[in-house]
Amino acid sequence: MNIKPLFTATATSTGGRNGHSEAQDHSVAVDLSVPKAMGGPGKPGTTTPEHLFAAGYAACFGGALDYVASQQKKNAKGATVTCGVSIGPRDAGGFGLAVKLHVKDTSLSRADLSALAQEAHEKICPYSHATRGNIAVELTVEGA
């Protein structure tokens, strides 16, 4: 599949999961450490690649939801998207990810919010496109 790039974000990481990652334009700079739950040092004030992925996916999905809602003359600007990214061993070896997306907007009915979220997930959100068939994604909604 080809895309016409509108923007490219570039980051460099040194030291892997116990190192430092920084965007080329310095807009993001984070120290990383493996969580204690995974056998690492779990250093205070650090993050993980999963935290970064969760934040990016939540923000992107929120934008996709807002786009779909505006196309249908509805307002989802107050929606909150919570994204949980889990990491663990795969049956086939190595490690894999699983995602849980929860969308909440009590200004919309559950049925309307569910339809908007499904369309955002199936047709608009590039993170949803990238994960489809590669990562289990569970989508839940909480409307009025």
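Check the entry above for the structure.
Rules behind the numbers
- Residues numbered from 1 in each chain as written.
- Predicted model: local features only at pLDDT ≥ 70, side-chain atom pairs only at ≥ 80, totals over all residues.
- Heavy atoms only, no water.
- Buried < 20%, exposed > 50% of the residue type's maximum accessible area, 1.4 Å probe, protein only.
- Helix = DSSP H or I, 4+ residues; strand = E, 2+ residues; numbered from the N terminus.
- Pairing = 2+ DSSP bridges.
- Salt bridge = Lys/Arg side-chain N within 4 Å of Asp/Glu carboxyl O.

Chemist: Could you clarify how one ought to interpret the pairing of strand 2 (residues 20-23) in this entry?
Modeler: Across the two faces of strand 2 the burial differs, with Ser 21 and Ala 23 buried and His 20 and Glu 22 not buried at all. Following strand 2, the chain reverses through 5 residues before pairing antiparallel with strand 3 (residues 29-31); His 26 in that reversal takes a positive phi of roughly 70 degrees.

Chemist: Is there a simple way to explain the pattern of salt bridges in this structure?
Modeler: Summed over the entire model, instances satisfying the criterion amount to 5 salt bridges. Between Lys 77 and Asp 66 there is a salt bridge whose closest N-O contact spans 3.4 Å. Residue Lys 77 is found in the loop between helix 1 (49-71) and strand 4 (80-89), and its partner Asp 66 is found in helix 1; the two are separated by 11 residues along the sequence. Of the residues examined, Lys 77 reaches a relative accessible area of 64% and is grouped as exposed. Residue classification places Asp 66 among the partly exposed residues on the basis of a relative accessible area of 23%. Glu 122 is paired through a salt bridge with Arg 132; the nearest N and O atoms lie 3.9 Å apart. With a gap of 10 residues between them, Glu 122 in helix 2 (residues 110-124) and Arg 132 in the loop between helix 3 (126-131) and strand 6 (136-143) connect regions that are remote in the sequence. Judged by its relative accessible area of 35%, Arg 132 falls in the partly exposed class.

As far as function goes, none of this settles anything; it's purely spatial.
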